[in-house]
Amino acid sequence: MVNAKIMIVDDDPDYIKVIKAILEKEQYTVVTASDKTEGMEKIRAEKPDLAILDVMMHAWQDGFEMSRQLKKDPHLKNMPVLMLTAVENRTGIGFKSTAGDPTWLPVDVFLDKPIEPDVLLAEVKKLLSNKAENGTGI
Amino acid sequence: MEPVSENIRLLKRAYWLVRLRWIAIVSVGAATYVSSNLLGIELQNAALYSIAILLALYNLIVLLLLNHFAKKGNEIPHVAVKKIINVQISADLLILTVLLHFSGGIENPFVFYFIFHMIIASILLSLWDSYLQATFAVLVFGLLILLEYLQRIPHYCLRGFAPTCLHRNILYILGTFFVFATASYLAVYMASYISVRLKRTERAYMQANTLLQKKDQIKDEYVLRVTHDIKSHLATIQSCLGMVVNKVVDPHDEQKVEFVDRAYTRTIKLTNFVKTLLKLTQMRLNDKLEIDVFPLRDTVHNAVAAVRTKAEDKSIILNCDVDSSVDTISGNQFSIEEVFTNLLLNAIRYTPEKGTVTIGAKNGMDCVVIEIADTGIGIPADELEDVFDEFFRASNARKFQKDGTGLGLSIAKYIVERHGGKIWIDSIEDTGTKFWITLPKGSRQFQAT
C-alpha cells in the first residue's frame, strides 16, 4: 500500500519524531497526536490506514482504552492497530499474548519499545497488506 | 496465611469433633473389654457396648450432615453449623452421663472426662454457650447422682474397682460434686480466656496481612511506574541514536544532529528523574532531619532570589510579601528553602508570560502560614486531589510543559509534613493556583513520620 496514511499517538514528542522519520523515509504519510482525545479526533478526521498507539500516555491505560474505542466504532474497526509500550507486562500477564483478544486488547500487533526500524516497517507493511486483502487487521 | 472464611473454619472444627468422637467410641469399647475381661471389674457390658454402637451411628449421622453442608462451599449456613456443634456437645455430655451410669456412676474416675468436653466447648463455642454447656454438664451429672442417691434409678456398683458402693455416701457425693462443678466452670473460664486471646491475635494477623498485601500492590505499581518512566527515556534515547547509527537518516542530513540532540536532552532528563527519585527515597529512609531555629524571612528571600532570573525570562512579576511579625521557625532550613524554590519554579513554569507569582508569609495561631500564588494555567477541579500523588501531572500541565517528573509536589508535601506542617492547594483552571503551607513556629519538637 503505497502512500498509506499512518497515525501515531504517543505522548513522547521525541519518540514520535523517530517513528515519523522512519515511516516518512518509506513514503508513508504520517499524522501525529499526543493524547487519546486528540488521537480520536484526528483519526476520525484523517481516516488513516493504520494507527500506532502508545499504551501509557497521560493515564495508565489510555492506549488500551483507545484501542477498544476504535474497535467498537463501525467506521474505524477495520483499521489495523499496532501498539507500542515501554512496559511489556503488568502483574505478570504478558500483553503480547493477549494481543488480538477482542475484549481485553483489541490490537493487531503488540511491540516493545524501543523497536528496530526494520521490525516496525515489516509489521506496518504486513498489516497494511492484510488490510488490503481482507479489509481488516484482526 | 490464606484467609479462610469463618464458615469454613467452623465446619472444619465440626469435623474435628467427629474425628475425636471416633477415638472416644473405640476407647469405650476397648476400656469396657479391658476392665471387665482383663481386670475383672463388674460392668454392664451389654449396655456399654450398645451405647458405643449407638454413639457410632450418631457420629455417622453427624458426619453425613456435615458432608451435606460442605458441598455448599462458602454458602454454608453459619448458624446451622454452630447449632450442630452445640447439639453435638450437649449430646456428648448426655451420653457420657449415661455411660457413667452403667459403669459405677460417681465411683467411676472417668467423671474427669467432662473437663475435656468443657475445653472443647470453650474452643469451638462462644463464651456464653460454653458456660451454658458447663451448666448443662453440672445439671445432668447432678441429676444422675441425685437419682442414684434417692434410688429412683439403679446404681451399678463398680465392684472390683471401688472398695465399697459410694452412691449413698453423702459427704463423698457432695465433695465430688463440688469439685466437679467448680472444675467444669474453671475449665471453661481458663480455656475460653486463652481461646479468645488466640482468636483476637489471629484476627489481628489477618488484618495485618491484608494491609501488607495492599501495600505490596502499591509498591508493585510504583515499581512499574518507575520502570516505565526510565524505560521510556531509554527507548527514546536508543531510538534517536539508532536513527544515526543505523543510517536511517542521511549522515549529511541536518536531522542527524537533531536526533543526537534529542538523545542528549533525554539523557539529561533521565538523570534528573533518577536523581529526584533517589532523593525522595533517601528522604524516606533517613529518619533524622537536622533541625535549627531560623528566620523564615531570610529563607523566603533566598528562594525568591534563586528563581528571579527564571521569572524575568518570562517577564513574570515576582512579588514577595513577608509580614513584619513573622519571626523564626524550627526546621531544616535547606529543605524548607527547597520547598519554596520548587513551588515558585512550578508557579513560574505554569504561568504564561507577563503573569504574576506571589509568595507571602504571615503569623497564624501557633504556626506561620506561607502562601504561594500564581496567575497560571491552574489545575482542573477533578484532578486537584491527585496533585500530591507521586508521578501525577495534571492533564493541562502536560500540554503546557512536556517535561516534569511528577515528583516535585510529593517531595514538597513530604518535607512539610515531616516538619509537622500542612500543605494544601486551591486552583481554578485558566485563572491560577494557590498553595498554602503551615509550619510550626519557634522550637516545637520535630515530628518523625
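Cut-offs and rules
- Residues numbered from 1 in each chain as written.
- Chains lettered and ligands numbered in written order.
- Predicted model: local features only at pLDDT ≥ 70, side-chain atom pairs only at ≥ 80, totals over all residues.
- Heavy atoms only, no water.
- pLDDT = per-residue confidence, 0-100.
- Helix = DSSP H or I, 4+ residues; strand = E, 2+ residues; numbered from the N terminus.
- Contact = heavy atoms within 4.5 Å.
- Domains from an automatic or database assignment.
- Buried area = accessible area lost by both parts, 1.4 Å probe.
- Salt bridge = Lys/Arg side-chain N within 4 Å of Asp/Glu carboxyl O.
- Polar contact = N/O pair within 3.5 Å; in protein donor to acceptor, adjacent residues only side chain to side chain.
- Nonpolar A, V, L, I, M, F, W, Y, C, P; charged D, E, K, R; others polar.
- Core = buried A, V, L, I, M, F, W, Y, C linked by side-chain atoms within 4.5 Å.
- Buried < 20%, exposed > 50% of the residue type's maximum accessible area, 1.4 Å probe, protein only.
- Patch = residues over 30% accessible without salt bridge, like charges linked within 9 Å, V, L, I, M, F, W, Y side chains within 5 Å.
- Areas by Shrake-Rupley, 256 points an atom, 1.4 Å probe, with all protein chains shown as cover.
- Lys, Arg positive; Asp, Glu negative; His and termini not counted.
- Charge placed at Lys NZ, Arg CZ, Asp CG, Glu CD.

**Q** How should the confidence of the model for chain B be read in this particular structure?
**A** All names here are of chain B. For chain B, mean pLDDT is 88; residues scoring 70 or higher make up 96% of the total. Averaged pLDDT values for the elements of chain B fall to 74 in helix α10 (residues 395-400) and rise to 95 in helix α5 (residues 127-149). Low pLDDT, under 50, characterises residues 444-449; the stretch is placed with 10 contacts to residues that sit more than four places away or in other chains.

**Q** Help me understand the domain arrangement of chain B, please; the structure alone is not making it clear to me.
**A** How large an interface is tends to be reported as the accessible area lost when its parts come together. All names here are of chain B. Domains assigned within chain B are domain 1 (6-214), domain 2 (229-285) and domain 3 (292-440). The straight-line distance from the C-alpha centre of domain 2 to that of domain 3 is 29 Å. Across the domain 2 to domain 3 interface the summed buried area is about 980 Å²; carbon plus sulfur atoms make up 67%. There are one salt bridge connecting domain 2 and domain 3. Between E338 and K279 there is a salt bridge, with its nearest N and O atoms 1.7 Å apart. Counting across the domain 2 and domain 3 interface gives one residue pair in polar contact (both at pLDDT 80 or more). The dominant element in the side of domain 2 that touches domain 3, judged by the number of residues it contributes, is helix α7 (residues 254-285), at eight residues. Among the residues making up the side of domain 2 that touches domain 3, the classes are represented as four nonpolar, one polar and four charged.

**Q** It is not clear to me how the nonpolar core should be interpreted in this structure. Could you clarify?
**A** Among soluble globular proteins, nonpolar side chains are generally buried collectively. Residues and elements named next belong to chain B. Counting 51 residues, the largest nonpolar core has L296, F340, L344, I370 and I437 as the members making the most contacts within it. For this core, the leading source of residues is helix α9 (residues 333-349), giving seven residues. With residues up to four places along the chain from it excluded, the contact list for I437 reads V339, F340, L343, V368, V369, I370, V416, K422 and I423. Formed by 40 residues, the second largest nonpolar core is a distinct cluster that contains F69, L96, V138 and A181.

**Q** What's the story with a negative patch on the surface in this structure? I'm lost.
**A** A cluster of like negative charges, contributed by B:D382, B:E385, B:D389, B:E429 and B:D430, occupies part of the molecular surface. Examined against the element boundaries, B:D382 turns out to sit in the loop between β5 (367-374) and α10.

**Q** Would you take a moment to explain helix α4 (residues 114-124) of chain B for this structure?
**A** Helical periodicity: at 3.6 residues per turn, an α-helix aligns residues three or four positions apart in one direction. Restricting attention to buried positions, one finds in α4(B) the residues B:F114, B:H117, B:M118, B:I120, B:A121, B:S122 and B:L124. The elements touched by buried residues of α4(B) are α1 (6-38), α3 (78-101), α5 and α6 (170-245) of chain B.

**Q** How do you make sense of the interface of chain A and chain B when you look at a structure like this?
**A** Across the contact, 25 residues belong to chain A and 27 residues belong to chain B. Between A:D12 and B:R266 there is a salt bridge, and its shortest N-O distance comes to 2.6 Å. In this structure, the connection of chain A to chain B is made through eight residue pairs in polar contact (both at pLDDT 80 or more). Looking at the side of chain A that touches chain B, the elements with two or more residues in it are α1 (13-25) and β5 (89-90) of chain A. Element by element, the count of residues in the side of chain A that touches chain B is highest for α1(A), at eight residues. Looking at side-chain class alone, the side of chain A that touches chain B contains 12 nonpolar, three polar and 10 charged residues.

**Q** Can you walk me through the side chain of B:N108 in this structure?
**A** Here B:N108 shows up in the loop between α3 and α4. A distance of 2.9 Å separates a polar side-chain atom of B:N108 from the backbone nitrogen of B:F110.

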